[in-house]
Amino acid sequence: MNFIRGQRAKIADLVPNGQRFTLGVTINAPGLIIDFACFGLDAQGRLSDDRYMTFFNQPTTPCGGVALATPAGDTAGFAIDLARLPATIQRLTVTAAIDGAGTMSRIASGHIRFVDGGSETGRFAFTGSDFAQERALMLLEIYRKDGVWRACALGQGFNGGLDALVGHFGGTLAEPPTPAPAVPPAPPAPQAPPVNLSKVTLEKKGNSVSLAKKGNAEHGEIVVNLNWTAAEGKKGFFGFGNKRTDLDIGCLFELRTGDKSAVQALGDTFGDYFNLPYIGLDADDRSGTRTEGENLRINGQHWDKIRRVLVYAFIYEGAPNWAEANALITIKTPGQPEIEVRLDSHRNDRPMCAIALLENQDGAVKITKLVEYYRGHMDMDQAHRWGLDWVKGRKD
Amino acid sequence: MAISLNKGGNINLSKEAPNLENVLVGLGWDARATDGQAFDLDASLFLVKEDGKVPSDAYFIFYNQKTSPEGSVEHTGDNLTGAGEGDDESIKVTLSKVPAEIQRLVIVVTIHDAEARRQSFGQVSNAFVRVVNRDNNQEVVRFDLSEDYSTETAMIFGEIYRHSGDWKFKAVGQGYAGGLRALALQHGVNVG
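As recorded in an unreviewed UniProt entry, chain B goes by the name Tellurium resistance protein TerD, listed as coming from Thiobaca trueperi. Among the UniProt annotations of chain B, the heading Sequence similarities (unreviewed entry) holds the following wording: "Belongs to the CAPAB/TerDEXZ family."

As named in an unreviewed UniProt entry, chain A is Tellurite resistance protein TerA, taken from Thiobaca trueperi.

Now the structure itself:
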């Protein structure tokens, strides 16, 4: 069924078992960085238990009733098992909030949908014309009423953004929420970017930004830079200290033709900037001392030949110690804001980190921050369904 | 103790509140908690005959026509006093003054400008209608509509009607598309 704003339905009418399903969320909004979350609320509509806010930093509720899970084709999503939710949770509200500047009126298209066993059973679609100055939205609500779970397409939000949203749910904030203006609101002042004014920093995973489409799909040179520092003089007590951490950048790519492979220093597959795959690696900084770091360059003049590029960093030698490597990835596209990703949610048991996915979306470069840690190339490949054969390699 | 009705339920007002004469019909809903265009909800009342039509346009009580010709029904607007606490709009009814030909008082709430604002009752929280005995400020009956609406822009919340010489109240909770205009036409009002 297709929901319109305000429409309600019983969950049992949407999914046969009425308990288990996945919610897929997608918002196409050029230039906006949007975070999704699912709030588990009590009977008063309050987030009385912080552990029931499911988002990038907290991928599941303690009961497992809500967990991050993105259906194929969506930007984000949540796997829901209503039967697992404690009785105190009366309501689940799926939200979208803009991180950085912009308002929801800039949404080109968006939806939240019910997916049951891979097929869609319900959809609430919306566009920017449904909104004005809102910076945070409540998209869908799933709630108990007389013992029956129901859904309501909300599509309402707050100009004050995530702060106002959390305030609505009774959350306590480090800073007071922005009061909602009573009369025609002035456009909100752009939020101060955390690094500097010319940069867009993707602080959290799942953020994505689609760079505006250029004529004839030309984007100039897209430079992905890895800069990292190896800590000095850390001699390990157990003899590991001599082996220095070596952090490398690389990418998996898939061309329009379906050809796919990797570009990385390991295995001497440095790629080729001027010929297929039009992606080249310019240096291998094995000590972390090269001030300009390692650059992976994508030839934007040939972006039309590329379907997707998965940029990753991995620790080739030495114990994985991401904190020590202090890695910073920047992605530069001419005429576009610089995008910066700092590897700051460390998994020291895993040497591989998928950093960002660059996708060719109708000629535009859509960049999604991932920061997903894996045991190795193969795991990452499988997680992103790349389908390469992997053998262990060595650098000479 | 007021009786709470579910959709479709009814009670005999004359039995629940003997000698009920001065009635206040209170209608409420939660103000919009989110930003965006406000919900402007309007309460109206149709005094209709046996055939479900108003005797004349004068028996359509709404924001532009606040009293019926004989004074049995009076729309108080947003200015509430006394028993009206919690009501967003209310309508006073003096039962003995209701003309004999009037069989039913149909209580409706509509969303003003709903289509242009792309609003519907599904976005309105905690709507209710209640009947209060103004002589002692006792609430006689209440109907919480919270789940009985979805995408409609006009709702019949309830009706007060004659039955075998008594007055009864029915929780209707029936929604319509088309706003106040559609409801007015349905009840025989000549809408310009």
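Next comes the rest of the description.
Draft legend 1. View of the packing of aromatic side chains. Following the criterion strictly, the structure yields twelve aromatic pairs over all chains and no others. When the ring of Phe124(A) is compared with that of Phe126(A), the centres are 5.6 Å apart and the planes differ by 55°; the resulting orientation is tilted. Relative accessible area serves as the criterion here: at 4%, Phe124(A) is assigned to the buried category. Aromatic side chains Tyr312(A) and Phe314(A) sit 5.9 Å apart centroid to centroid with 50° between the ring planes, which places their arrangement in the tilted category. Chaining the aromatic ring pairs together yields one cluster made of Phe46(B), Phe60(B), Phe62(B) and Tyr63(B).

Draft legend 2. Main features of the sheet that holds strand S1 (residues 2-3) of chain A. Residues and elements named next belong to chain A. Sheet architecture is open: six strands sit in the order S1-S10-S9-S3-S7-S6, paired in mixed fashion. In the strand order of this sheet, the two ends are held by S1 and strand S6 (66-68), each with one partner. In terms of strand pairing, strand S9 (residues 109-116) meets strand S10 (residues 119-126) through seven bridges, oriented antiparallel. Opposite histidine 111, over in S10, you have alanine 125 as the bridge partner.

Draft legend 3. Local environment of the pattern of salt bridges. Under the defined criterion, the tally for this structure stands at 20 salt bridges over all chains. Ionic pairing is found between Glu120(A) and Arg123(A), a salt bridge with its closest N-O pair at 2.8 Å. With a relative accessible area of 36%, Glu120(A) lands in the partly exposed category. A single salt-bridge network, built from bridges that share partners, covers Asp87(B), Arg130(B), Glu139(B), Arg142(B) and Asp144(B).

Draft legend 4. Highlighting the interface of chain A and chain B. Each partner contributes residues to the interface: chain A has 20 residues there, and chain B has 17 residues. Buried surface at the junction of chain A and chain B, summed over both partners, amounts to about 1400 Å²; 40% is from carbon and sulfur atoms. Considering only the side of chain A, the residues that lose the most area to chain B are Arg5(A), Arg8(A) and Gln156(A), jointly responsible for 42% of the buried surface there. The interface formed by chain A and chain B holds one salt bridge in total.

Rules and cut-offs
- Residues numbered from 1 in each chain as written.
- Chains lettered and ligands numbered in written order.
- Predicted model: local features only at pLDDT ≥ 70, side-chain atom pairs only at ≥ 80, totals over all residues.
- Heavy atoms only, no water.
- UniProt positions renumbered as here; feature names shortened; annotations may be inferred.
- Phe/Tyr/Trp six-rings, centres within 6.5 Å; stacked < 30°, edge-to-face > 60°.
- Buried < 20%, exposed > 50% of the residue type's maximum accessible area, 1.4 Å probe, protein only.
- Pairing = 2+ DSSP bridges.
- Helix = DSSP H or I, 4+ residues; strand = E, 2+ residues; numbered from the N terminus.
- Salt bridge = Lys/Arg side-chain N within 4 Å of Asp/Glu carboxyl O.
- Contact = heavy atoms within 4.5 Å.
- Buried area = accessible area lost by both parts, 1.4 Å probe.

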